[in-house]
Amino acid sequence: MSEEMNPELVREPPMEHPMAPYLRMERIPHVWCPGCGIGTVVQCYATALEKAGCDLDKVSVVSGIGCSGRAAGYMKLDGFHATHGRAIPFATGLKLGRPELLVTVISGDGDLVGIGGNHFIHAARRNIDLMVILINNFIYGMTGGQNAPTTPLTAKTSTMPFGNFEPPFNLPHLAASSGASYVARWTALHIRRLTWAIEEAIDRKGFRLIEVIAPCPTLYSRLNKLGTGLSGMRFYHDNAEIRHGADTREVDIDFQSSIVCGKFVDDEKPTFNELMDKHYGTILGDRYKPMPPEGGMIHAG
Amino acid sequence: MKADPTGVLTGAHYLDGDYACGEGAMAAGCRFVAGYPITPSTEVVERIARRFPTIGGTFIQMEDELASMAAVVGASWTGTKSMTVTSGPGFSLMMENIGLAAMMETPCVVVDVQRGGPSTGLPTMVGQSDVMQARWGSHGDYEVIVLCPQSPQEAFDLTIEAFNLSEIYRVPVLLLLDECVGHMTEKVVIPEAQEISVEPRRLTSKPPEEFEPYRLNGKPVPEFARAGDGYRFHTTGLTHDERGYPVMSVECQETCVRRLVDKIRDNADEIVRFEEHDTEDAEVVVVAFGITARVARLAVETARQRGIRVGFLRLIALWPFPEKRIHELAGSVGSFLVVEINYGQMVLEVERCAAGRARVSGLFHGGGGVHDPEAIVEAIVEAAS
């Protein structure tokens, strides 16, 4: 079937992708599967950087290992693809080494709270000035669909072929109870809300967690017979429940249950660097010499 | 360039090896340290934690050694000279991110104050059994530089040297103290800042649009761009091309990893550090390092007085190993005696380099103490016969 296009509706295609200034276009196509939510999150992050008017020269992005771990590799920023689970401590070093940087961690659930769980809670406890975008697809995608610490009870994975019997983490609650200053959750379907949340988090300080529930059609949906990428999106549309300020103890995710989204925590509290500066300033007075914002590199002279 | 006087505690001090190492780091320009407490290394970071707030440095006690090493790699990408400090069990935990530092070509220094192992072993007592782990501990092919001081003064001097070599070759440089050197207190002379040579971070002079993070520019090591200077570069632990982008191919693996190995191997003559005495007429050459070198030195002098033609070679850099010199000596001496506080690690390297041209024997100690000098004398007598 062919129809004549209304010439008034036909626009010249843009010469370049609108996100091109933020992306390494020479690396596109990316590695992510059709229907995967990670690319959407990357786009929301890039859009938020643009809207927030960030100086991109001062933005660093760090990822660990896994599907989401590839995010740093596609951003046209100072990008670091670190070891499995260690994106947060790597990012901590970047932030403390050059305090003026805006440091974002984009990585997955297995990376950040499986192998990297210890770093996650300690960075939150210290309120290190990091924005963490945790893409939760309930499964280890890159390695072939193994069980994750976020896999809902009864969901099937390649290492829990009879269904998962381990209780999963409730990540907003984990972050909030560990001391995070900002905690929000959205799904990869909430493009505008997620973008706003990232933009808002850029404006905040301290340990900021944005959990993004993302579909994994290739593994999670297939192993659990949940249909295609589109049906995953439809599920989010029908089952996301927005409850700003919800008690984080009540935002667990059960298998195919509703997903409570929203902003749960937004507290102004001092960051690690602020606490350190204040403390040493009080104790040492003029003798305290903090790390300069531009870093501790000593130039030739 | 000359050291920044802010970090240099000029004067004659009475310091233990751990404190001297900390002072060496600060003199070298180190301004970021992440660490996790572990005996017998903790005094290094305790010294730094006390001094850093007044010299513009940041110390953070991380949640474990995995985090400490990862933070050091991250911090180094800001151009801030960075270090971590540990002992055996923590050293094991650091291995993966030491590999990351090697792969990303990140200058940094890792101090391992060796204790008896394996596992928890002898936390408060001496060992020298991490020397092969230092060389081979992370998976895959890579090269590192490993220095090994025998005194607090040398702990100070070699810590500066470690930072300098890490900047020149963009590798993690490991400093292997042992519990004895770490905890012995001796005179340490810290010179004036203008008498201390330090290597600055070798930043690229190219504009961002022409810069590729792993493109060589007539030198064996690429130029550095630090995070936050507008280069917007990418780096990864994956096998990567000159742009720092992952490439999964046989060809890229060959180019990428070959260079990591060759930049050290091709410059080994510049990096190798050792000292030798009385080797000209020697029938036997004793090889030792760290605290054992001091014990063996006494035994060598005693044996000389007893008329045995014995020489001495002390390894200052353990890696790269002085293979040319050992091979050369193997042509003129009858045998080597390797004395070390482990059950035979560096002796394997001496055997390899002697290549059958001289006999090689070892005198080993399991750890927890140093050799009895008289036992070394007896082993020299036996090796000479």
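In this report, we go over the structure that sits alongside the text. (Residues numbered from 1 in each chain as written. Chains lettered and ligands numbered in written order. Predicted model: local features only at pLDDT ≥ 70, side-chain atom pairs only at ≥ 80, totals over all residues. Heavy atoms only, no water.)

### Overview of the overall build of chain B
For the record, the criterion: For the purposes of this entry, the term helix denotes a DSSP run of H or I that reaches at least four residues, the term strand denotes a run of E that reaches at least two, and both are numbered from the N terminus. Remark: exposure states derive from per-residue accessible area (1.4 Å probe, protein chains only) relative to the maximum for the residue type, with buried under 20%, exposed over 50%, and partly exposed in between. The contact criterion used is simple: two residues touch if any of their non-hydrogen atoms lie within 4.5 Å. In this charge count, Lys and Arg are treated as positive and Asp and Glu as negative; neither His nor the chain ends contribute. Charge positions are represented by NZ for Lys, CZ for Arg, CG for Asp and CD for Glu.
The helix and strand tally for chain B stands at 13 helices and 16 strands. The C-alpha extent of chain B, read off along each of the three principal axes, is 70 × 50 × 40 Å. By residue count, 63% of the 385 residues in chain B fall in the buried class. Put simply, of all contacts in chain B between residues at least 6 apart along the chain, 76% involve residues at least 24 apart. In chain B, which carries 34 positive and 54 negative side-chain charges, the distance between the mean positions of the two groups comes to 4 Å.

### A few points about the packing of aromatic side chains
Heads up, the rule is: Within 6.5 Å between ring centres, the rings of Phe, Tyr and Trp (the latter by its six-membered ring) count as paired, and their orientation is classed by plane angle as stacked under 30 degrees, edge-to-face over 60, tilted in between. We count a charge as sitting over a ring when the NZ of a lysine or the CZ of an arginine lies within 6 Å of the ring centre and within 35 degrees of the ring normal.
A full pass over the atoms with the stated rule returns 12 aromatic pairs over all chains. Arranged with centres 5.6 Å apart and planes meeting at 90°, the rings of A:Phe120 and A:Phe207 form a pair that is edge-to-face. You can see A:Phe120 sitting in helix H4 (residues 117-126) and its partner A:Phe207 sitting in the loop between helix H6 (191-203) and strand E6 (208-213), a full 87 residues away along the chain. Exposure class is identical for A:Phe120 and A:Phe207. Each is buried. Grouped by ring-pair contacts, the aromatic residues A:Phe80, A:Phe90, B:Trp77, B:Phe224 and B:Phe233 constitute a single cluster. The side chain of A:Arg27 reaches across the aromatic face of B:Tyr245, ending 5.4 Å from its centre.

### Let's talk about the interface of chain A and chain B
Heads up, the rule is: Buried area: the sum, over both parts, of the accessible surface (1.4 Å probe) that disappears when the two are put together. For this analysis, a salt bridge means a side-chain nitrogen from Lys or Arg found within 4 Å of a carboxyl oxygen belonging to Asp or Glu.
Counting residues at the interface gives 53 residues for chain A and 52 residues for chain B. Summed over both partners, the interface of chain A with chain B buries about 4200 Å², with 59% contributed by carbon and sulfur atoms. In terms of surface lost to chain B, no three residues of chain A exceed A:His81, A:Met297 and A:Ile298, which account for 15% of the buried area on that side. For the pair chain A and chain B, the interface holds three salt bridges.

### Observations regarding H6(A)
All names here are of chain A. Put simply, the rule is: Under the convention used throughout, the expected extent of a helix is 1.5 Å for every residue step, that is, one less than its residue count. Our arc is simply the arc of the directions from the helix axis toward the C-beta atoms.
The terminal C-alpha atoms of H6 lie 19 Å apart, and with 13 residues this matches the ideal 18 Å at 1.5 Å per residue to within 8%. Along H6, the residues classified as buried are Leu194, Thr195, Ala197, Ile198, Ala201 and Ile202. Burial along H6 is one-sided: seen end-on, the buried residues are contained in an arc of 160°. For H6, the exposed residues lying more than 90 degrees away from the buried face are Arg192 and Asp203. Contacts from the buried residues of H6 go to helix H1 (38-52), strand E3 (102-108), strand E4 (131-136), strand E5 (182-187) and E6.

### With respect to the pattern of salt bridges
Counted under the stated rule, the structure contains 44 salt bridges over all chains. Among the ionic pairs, B:Glu154 bridges to B:Arg314, the shortest N-O distance being 2.7 Å. A residue pair is termed long-range when its members are at least 10 positions apart, and B:Glu154 in helix H6 (residues 152-169) and B:Arg314 in strand E13 (residues 310-315) qualify at 160 residues. Residues B:Glu154 and B:Arg314 agree in their burial class; the two are buried. A salt bridge links B:Glu254 to B:Arg258, with the nearest nitrogen and oxygen atoms 3.1 Å apart. Taken together, the positions of B:Glu254 and B:Arg258, both in helix H8 (residues 250-265) and four residues apart, correspond to about one turn of that helix. If you follow the salt bridges from partner to partner, you end up with A:Lys58, A:Arg98, A:Glu100, B:Arg226 and B:Asp229 in one network.

### Observations concerning the sheet that holds strand E7 (residues 240-242) of chain A
We count it as follows: Pairs of strands are assigned from DSSP output, requiring at least two bridges between the strands. A fitted line through C-alpha atoms serves as each axis, taken over the contacting stretch for helices, and the angle formed by two N-to-C directions is quoted from 0 to 180°.
Sheet architecture is open: nine strands sit in the order E7(A)-E8(A)-E5(A)-E6(A)-E4(A)-E3(A)-E1(A)-E2(A)-E10(B), paired in mixed fashion. Because the sheet does not close on itself, it has two edges, and the strands there are E7 of chain A together with strand E10 (234-236) of chain B. For this sheet, the mean angle separating the axes of adjacent strands, direction not counted, is 20°. Examined bridge by bridge, strand E1 (residues 59-63) of chain A and strand E2 (residues 78-81) of chain A share four bridges and lie parallel to one another. Residue pairing for E2(A): A:Val61 is matched across the bridge by A:Gly79.

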